[in-house]
Amino acid sequence: MHRKFKILAVAPYESLKEVLLQTAKEYPQLDVTVEVGPIYEGLKKLQKYDLSQFDAVLSRGGTKMEIEKHTALPVFKIPISYFDLLNIIKLVEHYQGKIAILTYENIANAARVLCDLLHFPYNIFIINEWHNAKEKVLQLKEQGYTLIIGDAVSVIQAERLGLQSILLTSSAASVREAYEHILNVCSYVEPFRTDTSLFHQYCRSQQETIFYFDRRGKLLYGEDSPGEQALQSFCAHQIPALEKEQQLITQKQWQGTLLEIQGNRFLVRQVPYYFFSIKRMTPLVPGKQGTPYLSLFEPSAPHTLLQGLPNILQLLSPGSWKRTLQLVSSGFNCCLIGEAGTDSDSLVHALYEKSSHAEAPLYCINPLLLKEADMRRLCTDSHSPLFLPHASLYFRNLAQLDDGRFQYLLDELSIAAYESTAKLYFSFEGSEKQESLESRCQQLQERFQLHTVLLPTLRNKGDQILNYALLYIQSHNHMKDTHIVGMEPEAITLLCQYDWPQNLKQLQRVLQKAVLSTDAPWITARTIRLALQEEQRSALQFPRSQLDLDQPLHQIIQQVVGKVLQEENNNQTKAARRLGISRTTLWRLMKGK
């Protein structure tokens with residue numbers, strides 16, 4: 001049983017829809033969907049469909065001409081027959097007034113033939129583009145014409161200018177003619193489309209990207225999306241090499257993946273064609289087994305509440321932000337130094353998104369999970385993102401590395417820098433070891449072309465704190481469809497006078513608690529006061545002087561376990577219950593395993 005051909009018809013006027021649907025019942029081989037709308041209205045309705053599910057589009061006049069500009073599907077026309085024209089011309093034979101026929105060239109020519117044969121004295125005018133109709137109708141009105149016969153676009157403009165009008169309509173016979181034409185063409189093309197579809201399915205089943213070119217480098221088959229165009233261009237540039245050799249195999253780093261590209265030249269009736277198959281080879285994959293230290297940040301990630309807000313440099317030092325952008329854009333790597341909570345991550349993300357490297361992902365390196373073998377692989381493996389074109393790597397908070405591992409990473413990176421063109425970002429956040437911090441920054445400065453930024457703090461920045469809070473509330477309203485309009489004056493005072501020892505991250509936490517616990521239009525002083533008190537209690541539980549966050553993660557965990565055991569008088573059962581773990585896990589953490 002042959003499948004039905006799916007047709008999307010766009011009728012420029014309402015009554016044509018009924019004619020299309022009724023006539024379609026005579027053609028069981030066709031599955032017809034009908035929308036109504038002239039020109040751009042019809043085009044908008046067309047765009048809500050997945051056109052890959054249709055075999056053809058059917059329309060008329062200017063609507064057809066506009067649709068043809070926006071789809072690769074065949075667009076068939078609904079004709080206006082001599083009989084259709086004759087009915088309308090005879091209808092106005094005794095009209096008392098000046099008549100003009102204003103339509104597209106093919107219909108105008110048919111109308112002219114009829115008028116000449118039957119000696120009708122009507123003047124016929126042509127519109128080449130639908131947007132010329134208004135000007136033409138205005139000219140006809142000025143010339144004394146009172147009745148306009150034409151397509152939907154001419155009739156619409158005539159009615160707007162207060163002229164009488166008659167729409168040129170297509171009869172059921174004209175619609176049948178269009179359906180017959182569609183049926184004949186689609187039936188002829190169907191075997192070829194089936195062959196092509198099977199070929200596409202085969203290509204997809206091979207999990208390969210495939211391109212076919214002719215001898216001029218014109219793409220005959222393959223994905224032509226913006227993401228594939230650079231890869232397509234690379235393959236096209238290999239065609240001269242295939243003129244000499246019938247086959248070639250090469251490799252290329254491409255958006256975090258190593259590609260194997262195989263090219264072949266085939267002769268069809270003595271005419272050469274060029275086939276390229278592209279396979280993805282195994283790269284260093286972020287987050288997979290063996291690379292837990294590696295994660296991705298991509299601009300295409302879903303939008304979050306904080307993404308539209310300024311980073312700490314934009315908020316507190318716009319001049320420094322502008323200079324940093326300029327230097328990073330001109331080729332400098334970047335090192336950020338700040339107190340706890342200054343959120344260097346967001347600043348790096350913002351710099352990356354505005355850089356010329358944003359077409360490829362930003363690879364984020366967690367130094368706590370980085371072993372020496374990982375460092376060596378990262379800096380020497382040809383599959384490493386460090387050697388990808390337009391790569392960006394962010395080494396987060398290097399203060400967490402001990403001196404030995406920091407020096408090893410620095411040495412390996414320095415060697416890799418001779419072959420790598422990657423953009424490098426480094427951060428040191430929350431470190432109290434000033435002497436060690438200065439030494440590390442100096443070593444980075446000596447080995448890489450580096451711009452160092454000292455991140456400002458929120459202390460005594462009342463106006464900027466208020467500005468940020470208002471922007472945060474607006475962003476929350478937009479993302480969560482809430483309607484908070486502001487804060488009580490006392491709430492503003494509490495925010496502006498607080499010391500913010502953990503800077504922007506702490507301000508974000510307090511604001512998040514405030515907006516989530518607010519049902520009224522205003523955030524109250526009580527809400528802010530409670531959120532600040534929670535922050536103070538949290539700081540008292542593990543004061544900075546007792547918990548050293550600059551040490552490796554396993555040592556931090558051991559220190560926390562030791563602190564809880566001490567407070568529970570070394571009762572392991574109570575300590576495990578308080579930490580929410582088993583006694584076995586507690587024993588393992590105590591041993592550093």
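Residues numbered from 1 in each chain as written. Predicted model: local features only at pLDDT ≥ 70, side-chain atom pairs only at ≥ 80, totals over all residues. Heavy atoms only, no water.

### Here we look at the overall build of the protein chain
The helix and strand inventory of the protein chain stands at 23 helices and 21 strands. Among the 593 residues that make up the protein chain, the fraction classed as buried is 45%. Pairs at least 24 residues apart make up 66% of the contacts formed inside the protein chain by residues separated by at least 6 positions. When the accessible surface of the protein chain is totalled, it reaches about 31,800 Å², and 51% of it is carbon and sulfur. (Helix = DSSP H or I, 4+ residues; strand = E, 2+ residues; numbered from the N terminus. Buried < 20%, exposed > 50% of the residue type's maximum accessible area, 1.4 Å probe, protein only. Contact = heavy atoms within 4.5 Å. Areas by Shrake-Rupley, 256 points an atom, 1.4 Å probe, with all protein chains shown as cover.)

### With respect to the sheet that holds strand β2 (residues 30-36)
Strand order in the open sheet formed by 4 strands is β2-β1-β3-β4, and the pairing between neighbours is parallel. Here the strands that pair on one side only, and so sit at the sheet edges, are β2 and β4 (75-77). Averaged over all neighbouring strand pairs, the angle between strand axes comes to 25°, with direction disregarded. In this sheet, β2 lies alongside strand β1 (residues 5-11) in parallel orientation, the contact comprising 7 bridges. Among the inter-strand pairings, Lys 6 is bridged to a residue of β2, identified as Asp 31. Helix α2 (residues 39-47) rests against β1, β2 and β3 (56-59) of the sheet, and its axis sits at about 150° to β1. Contacts between helix α3 (residues 61-68) and the sheet are confined to β1, β3 and β4, with β4 contributing the most and set at about 165° to the helix. (Pairing = 2+ DSSP bridges. Axes fitted to C-alpha atoms, helices over the stretch in contact; angles between N-to-C directions.)

### Some points on unusual backbone geometry
We note that Gln 270 has phi near 70°; this positive angle belongs to a residue other than glycine. Summarising the element assignment, Gln 270 is placed in the loop between β12 (257-268) and β13 (271-280). Phi is positive for Asp 343, which is not a glycine, with a value near 60°. Summarising the element assignment, Asp 343 is placed in the loop between β15 (333-338) and α13 (344-353). Given the relative accessible area of 5%, Asp 343 is considered buried.

### Considerations on the pattern of salt bridges
Counted under the stated rule, the structure contains 21 salt bridges. Arg 60 serves as the salt-bridge partner of Asp 151, at 3.2 Å between the closest nitrogen and oxygen. With a gap of 91 residues between them, Asp 151 in the loop between β7 (147-150) and α7 (152-160) and Arg 60 in the loop between β3 and α3 connect regions that are remote in the sequence. Comparing Asp 151 with Arg 60, the two get one shared label, buried. In this structure, Arg 447 engages Asp 411 in a salt bridge whose closest nitrogen and oxygen atoms are separated by 2.8 Å. Linking Arg 447 in helix α16 (residues 434-447) with Asp 411 in helix α15 (residues 403-416), this pair joins segments that are 36 residues apart in sequence. By relative accessible area, Arg 447 is classed as partly exposed at 36%. Classification of Asp 411 by relative accessible area gives partly exposed; the value is 31%. (Salt bridge = Lys/Arg side-chain N within 4 Å of Asp/Glu carboxyl O.)

### Describing the packing of helix α4 (residues 82-91) against helix α5 (residues 105-118)
With their axes 10 Å apart at the nearest point, α4 and α5 run at an angle of 60° to one another. Taken together, α4 and α5 sit at an angle that is classed as oblique. As α4 runs across α5, the sense of the crossing is right-handed. Between α4 and α5, the contacting residues are Tyr 82, Leu 85, Leu 86 and Ile 89 on the first element and Ile 107, Ala 110, Ala 111, Val 113, Leu 114, Cys 115 and Leu 118 on the second. For the contact of α4 with α5, the per-class residue count stands at 11 nonpolar, no polar and no charged. (Parallel < 35°, antiparallel > 145°, perpendicular 65-115°, else oblique. Left-handed = near helix turned anticlockwise from the far one by under 90°. Nonpolar A, V, L, I, M, F, W, Y, C, P; charged D, E, K, R; others polar.)

### Things to note about the environment of Gln 157
One can find Gln 157 in helix α7. In sequence terms Gln 157 and Ala 133 are 24 residues apart; their C-alpha atoms lie 6.9 Å from each other. The contacts of Gln 157, once residues within four sequence positions are left out, are Ala 133, Lys 134 and Val 137.

### With respect to the nonpolar core
Residues Tyr 425, Leu 495, Trp 500 and Leu 507 are the most contacted members of the largest nonpolar core, which totals 45 residues. By residue number, the principal contributor to this core is helix α19 (residues 503-516), which donates 6 residues. Setting aside its immediate chain neighbours within four residues, Tyr 425 contacts Val 328, Cys 334, Val 348, Leu 351, Tyr 352, Ser 355, Leu 362, Ser 392, Leu 393, Tyr 394 and Phe 395. Grouped together as the second largest cluster of nonpolar side chains are 33 residues, Leu 388, Leu 398, Ala 416 and Leu 450 included. (Core = buried A, V, L, I, M, F, W, Y, C linked by side-chain atoms within 4.5 Å.)

### Here's the deal with the packing of aromatic side chains
Applying the stated criterion across every chain yields a total of 12 aromatic pairs. Between Tyr 27 and Tyr 179 the ring centres are 5.5 Å apart and the planes differ by 65°, which places this aromatic pair in the edge-to-face class. You can see Tyr 27 sitting in the loop between α1 (14-24) and β2 and its partner Tyr 179 sitting in helix α8 (residues 172-205), a full 152 residues away along the chain. Pair check on accessibility: Tyr 27 and Tyr 179 agree, each one buried. (Phe/Tyr/Trp six-rings, centres within 6.5 Å; stacked < 30°, edge-to-face > 60°.)

### Comments concerning helix α17 (residues 462-480)
Between its first and last C-alpha atoms α17 spans 27 Å; for 19 residues at 1.5 Å apiece the expected length is 27 Å, and the two agree. All of the buried residues in α17 are Gly 462, Ile 465, Tyr 468, Ala 469, Tyr 472, Ile 473, Ser 475, His 476 and Asn 477. Backbone geometry just after α17 places Asp 481 at a positive phi near 60°. (Expected span 1.5 Å × (residues − 1).)

Remember that the coordinates give geometry; whether it matters functionally is a separate question.
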